[in-house]
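Coordinates in review
Chain by chain, the residues run as shown.
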Amino acid sequence: MVSSIRGRVLAVCFAIGIVFSTVSWTTNAAIAQTITVDAAPSHVANTFSPVSSLGAAIDRLRTGTPDHLLTDPVLKEILGAGWQTVTYRQNTELMVEAWHWNPNGTWSDAEKQQGYFVGNAEPTAEMIRHSWAAPLPHRGFSRGDGNGWSRLTDGDTKSYWKSNPYLTKAFTGEDDSLHPQWVMIDLGSKVPLNAIRIAWAEPYAKRYSVQFWTGELEPFYDGTTKGTWQTFPLGTITEGKGGTVTLKLVSWMIPVRYLRIWMTESSNTCDSHDSGKHVPADKRNCVGYAINELYAGALSADGEFNDYVTHFPSRSQTVTWPSSVDPWHAASDMDESRGDQVGFDFFFTSGVTRGLPTMVPIAMLYSTPEDAANEIAYLYKRHYPISWIEMGEEADGQHMLPEDYGALYVQFATAIHRLVPEAKLGGPPFEGTFDDVEVWPDAAGKVSWIGRFFDYLKAHGRLSDFTFFSFEHYPYQDKSTYSWADLYAEPEYVRHIVQVWKDNGLPPNIPFFMTEGNIGGGAGVSNVKGALWLADYVGSMMTAGAGATYYFHYMPSPGHWGAYPLLLLDEHYNLISYPPQYMASQVITKEWVQPIDAPHKLFKVSSDVTDAAGTLLVTAYAVERPDGEWSVMLVNRDQFNDHAVKVVFNDAGTGRDRHFSGQVDRVTFGSAEYKWHEAEGGHADPDGSSFRSGDRGHADPDGPPSRSKVNGGAETFYKLPMASITVLRGSVGDQ
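We now turn to the structure provided with this report. (Residues numbered from 1 in each chain as written. Predicted model: local features only at pLDDT ≥ 70, side-chain atom pairs only at ≥ 80, totals over all residues. Heavy atoms only, no water.)

1. Comments concerning the state of the cysteines
For clarity, the cut-off: Any two cysteine sulfur atoms within 2.5 Å of one another count as a disulfide. The helix count covers DSSP runs of H or I at least four residues long, the strand count covers runs of E at least two residues long, and both are numbered beginning at the N terminus. A 1.4 Å probe rolled over the protein chains alone gives each residue an accessible area, and that area as a share of the maximum for its type sets the label: buried under 20%, exposed over 50%, partly exposed in between.
Throughout the structure, instances matching the rule amount to one disulfide. Note on cysteine connectivity: Cys-270 is disulfide-linked to Cys-286, with sulfurs 2.0 Å apart. Taking the sign of the torsion about the S-S bond as the criterion, the disulfide between Cys-270 and Cys-286, at about 95 degrees, is right-handed. Here Cys-286 lies in the loop between strand 15 (254-266) and strand 16 (290-299) and Cys-270 lies in the loop between strand 15 and strand 16, a separation of 16 residues in the sequence. Overall, Cys-270 belongs to the partly exposed group, its relative accessible area being 24%.

2. A word on the pattern of salt bridges
To be explicit about the condition: Just to be clear on terms, a salt bridge is a Lys or Arg side-chain nitrogen sitting within 4 Å of an Asp or Glu carboxyl oxygen.
By the definition in use, this model includes 29 salt bridges. The shortest N-O distance in the salt bridge between Arg-729 and Glu-591 comes to 3.2 Å. One end of the pair, Arg-729, is in strand 38 (residues 724-733); the other, Glu-591, is in helix 12 (residues 580-592), with 138 residues separating them in the sequence. A single burial state applies to Arg-729 and to Glu-591, both of which are buried. Taking the shortest distance from any N to any O, the salt bridge between Arg-625 and Asp-627 comes out at 2.7 Å. According to the relative accessible area criterion, Asp-627 is partly exposed, its value standing at 37%. Look at the salt bridges and you will find they share partners, linking Glu-591, Glu-629, Asp-665, Arg-707, Lys-709 and Arg-729 into a network.

3. Some thoughts on the packing of helix 8 (residues 402-419) against helix 9 (residues 449-459)
Threshold: To obtain each axis, a line is fitted to C-alpha atoms, and for helices this fit is confined to the stretch in contact; angles are then taken between N-to-C directions over 0 to 180 degrees. Throughout this description, any angle smaller than 35 degrees is read as roughly parallel, any larger than 145 degrees as roughly antiparallel, any in the 65 to 115 degree range as roughly perpendicular, and the remainder as oblique. Definitions for this section: a left-handed crossing has its near helix turned counterclockwise from the far helix by less than a right angle. A right-handed crossing has that turn clockwise. We call two residues contacting when some pair of their heavy atoms lies within 4.5 Å.
Where helix 8 contacts helix 9, the axes come no closer than 8 Å and their chain directions differ by 40 degrees. For the element pair helix 8 / helix 9, the angle class is oblique. Considering how the two elements wind past one another, helix 8 and helix 9 form a crossing that is right-handed. Taken together, the residues of helix 9 that come into contact with helix 8 (itself represented by Pro-402, Glu-403, Tyr-405, Gly-406, Ala-407, Tyr-409 and Val-410) are Trp-449, Arg-452, Phe-453, Tyr-456 and Leu-457.

4. Some remarks on the sheet that holds strand 10 (residues 181-193)
Here is the rule we go by: Here, any two strands with at least 2 DSSP bridges between them count as paired.
The strand order across the open sheet built from five strands is 13-12-15-10-18, with neighbouring strands paired in antiparallel fashion. The outermost strands of the open sheet, each flanked by one partner alone, are strand 13 (229-237) and strand 18 (319-322). Sheet twist, expressed as the mean angle between neighbouring strand axes with direction ignored, is 25 degrees. Across seven bridges, strand 12 (residues 205-213) lies against strand 15 in antiparallel orientation. Bridge assignment links Ser-209 to a residue of strand 15, and that residue is Trp-262.

5. Description of the side chain of Asp-340
For clarity, the threshold we go by: Distance and chemistry together define a polar contact, namely a pair of N or O atoms within 3.5 Å, with one atom able to donate a hydrogen and the other to accept it when in protein, and with adjacent residues in sequence counting only for side-chain atoms on both sides.
Among the secondary structure elements, Asp-340 is positioned in the loop between strand 19 (329-330) and helix 6 (344-349). In this structure the side chain of Asp-340 is engaged in a polar contact, spanning 3.3 Å, whose partner is the backbone nitrogen of Ser-131. Excluding residues within four positions of it along the chain, Asp-340 makes contact with Arg-60, Leu-61, Thr-63, Pro-66, His-130, Ser-131 and Trp-132.

6. Quick word on unusual backbone geometry
Note that the residue after Gly-427, namely Pro-428, is joined by a cis bond; omega there is 25 degrees. Inspection of the secondary structure puts Pro-428 in strand 22 (residues 425-430). The amide bond that connects Phe-552 to the next residue, His-553, takes the cis arrangement and shows omega of 10 degrees. Following the sequence through the fold, His-553 ends up in the loop between strand 25 (548-551) and strand 26 (568-569). Of note, the phi angle at Val-342 is positive, near 50 degrees, even though the residue is not glycine. Relative to the assigned elements, Val-342 resides in the loop between strand 19 and helix 6. Residue Val-342 is classed as buried on the basis of its relative accessible area, which comes to 2%. Despite not being glycine, Ala-723 has its phi angle at roughly 50 degrees, a positive value. Position of Ala-723 among the secondary structure elements: in the loop between strand 37 (718-720) and strand 38. Of the residues examined, Ala-723 reaches a relative accessible area of 3% and is grouped as buried.

7. Quick notes on the nonpolar core
What counts here: In this description, a nonpolar core means a group of buried Ala, Val, Leu, Ile, Met, Phe, Trp, Tyr and Cys residues linked to one another through side-chain atoms lying within 4.5 Å.
Counting residues in each nonpolar core, the largest one holds 169 residues, and the members touching the most others are Met-391, Tyr-554 and Trp-592. Other than its neighbours up to four places away in sequence, Tyr-554 contacts Ala-56, Ala-57, Ile-58, Ile-78, Leu-79, Trp-83, Val-86, Val-352, Arg-354 and Leu-566. Counting 22 residues, the second largest nonpolar core, distinct from the first, contains Ala-39, Leu-617, Val-664 and Leu-720.

8. Description of the side chain of Thr-716
Positionally, Thr-716 belongs in the loop between strand 36 (706-711) and strand 37. At 3.0 Å, the side chain of Thr-716 and the backbone oxygen of Asn-711 are in polar contact.

Written out as structure tokens, the structure reads:
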């Protein structure tokens, strides 16, 4: 509980000045175990600067909140966590929206204020303080972020889904059969059927196949390689004529849950936005595929069609998924209530970037190359420091095939580099995942998304346009709660996923970044679980060789405490409390490392602190800092027991063991420094893993970390309190 912020600051300053030389923080217990730092100079695992490598991520914010969050006093508290560089996240693509990064720009159909919007590249005296987005009217997704629904099963025969024109020969230069577009229907459970009805819009598919999924699991994620798409016996169409067609797919009934329409040749006729209205026509309106409505069911012998699809303009409809969506939209589609992507000028001048080079995104899945290029040109003309440019957002989560992402990547890279040749591009970024992202096999049977994407760039001679690889990390995103023991898996999750990327073709000279992540799931404010995870994660990711890692959620949500807030604010933006991850952030960014732009050498560490089952209870991460001190961050993940450890710095090349010498600074944050007290009527999960949004309580104490000094030496045992993060920092001698 923040009973007095001023009192906290005084307490911290007072604690720093006290030297504890008692034996209360050291012990000669016989059960002490060993932390061994592989300190051979040739064994540096990673070299990084905290200023460019330990950052935080800023996403789209609730409408009306940026003016409060990106100004003092809240901004000062946010920056106090110690994260340095930032990455600007691009949420509108997850919502299937067209992002207007600049409210000023031009429409392809200027008269009607509709079509394809391109933001102005030239800065003006007016600051871009806010930016908004438009839900796409030709959406084919029934699921995903936001509350949008598919036009394929909305019951409106005048609305339609349309594929992205930038994936057609007119823009890729490749035959359309190399970028097949598709829509999928999920009937919810297996039902016997033998027919489909397709109400085609313009342009329609001349050549297509209707297929069903043979696997028991869904065709994405878990089931991707556990089934195949099989074309119905009568499901191949080679001379499609458009209109509304009812197709008998088989002469008997087949139990089916998932259907797919696989389209490989377009009529290239113009849609409703350009049916003879413009001379010459905008070719984007006249390529790809469009469908008004889909129906699936049973066709009787007398020709009566029984439809199993639920048609409704909401998420209550039968679920559909498309390969892509046309970014066409109108000014009337703009919706400011869905969140503020924070105007770039406000973002860069607010102070949240600390003036450091920033990773920025471009919209790519639902945008145009010209708009993306103008965005980057605008930022460079403003002389804002830009480090990297992330191309699109979570294409894998939107089930985009890697060849389609590659085709867009090449077009957008060409447009950006035409205006800003020095821009450093990369991506994708992947959703958080435990393993390789797999997609339906290509002709060669290859299923690795990243492997096939790299193959596409290499085949087109464009691998040089790819300068970094990015992904997100949410190990428990899909779990509402979990046990304390789930913390133990984190270092292996990190090691494994990084190795997966390398095994599937990530070039060794390409840096990789975790651009957005947190524990996910039930890591609330009621205990220090999220804090321990954060320290273990950052140490693991940097040990694995990451170029940078970015903490998320950096921006607190006033009045909504959520799963893992950085700060607790009330509805009026007043500070309530510092949650565990805020304290952990400070330990990582201000104690473990020096918050300066100078190289830190990170070394691998081994630990033999295990339980009877062999579970590793204490992990550790060691850096040699620019100030000459060694700093070891130790995470005691044992929820109920303290541990006493020796710390050894081993040089295998010389055979020498060294140890901390002289006085060692010791900083600890854990369950003793943070205790949650539920408000009357409030409740946490039974294992204390999460505190539900809407409930109230307070922490007392809620930090600060405890500080002491310990006399180092070969025989010194360092006590690690249960459920805690401890930093030991000092000189290493030859004792």
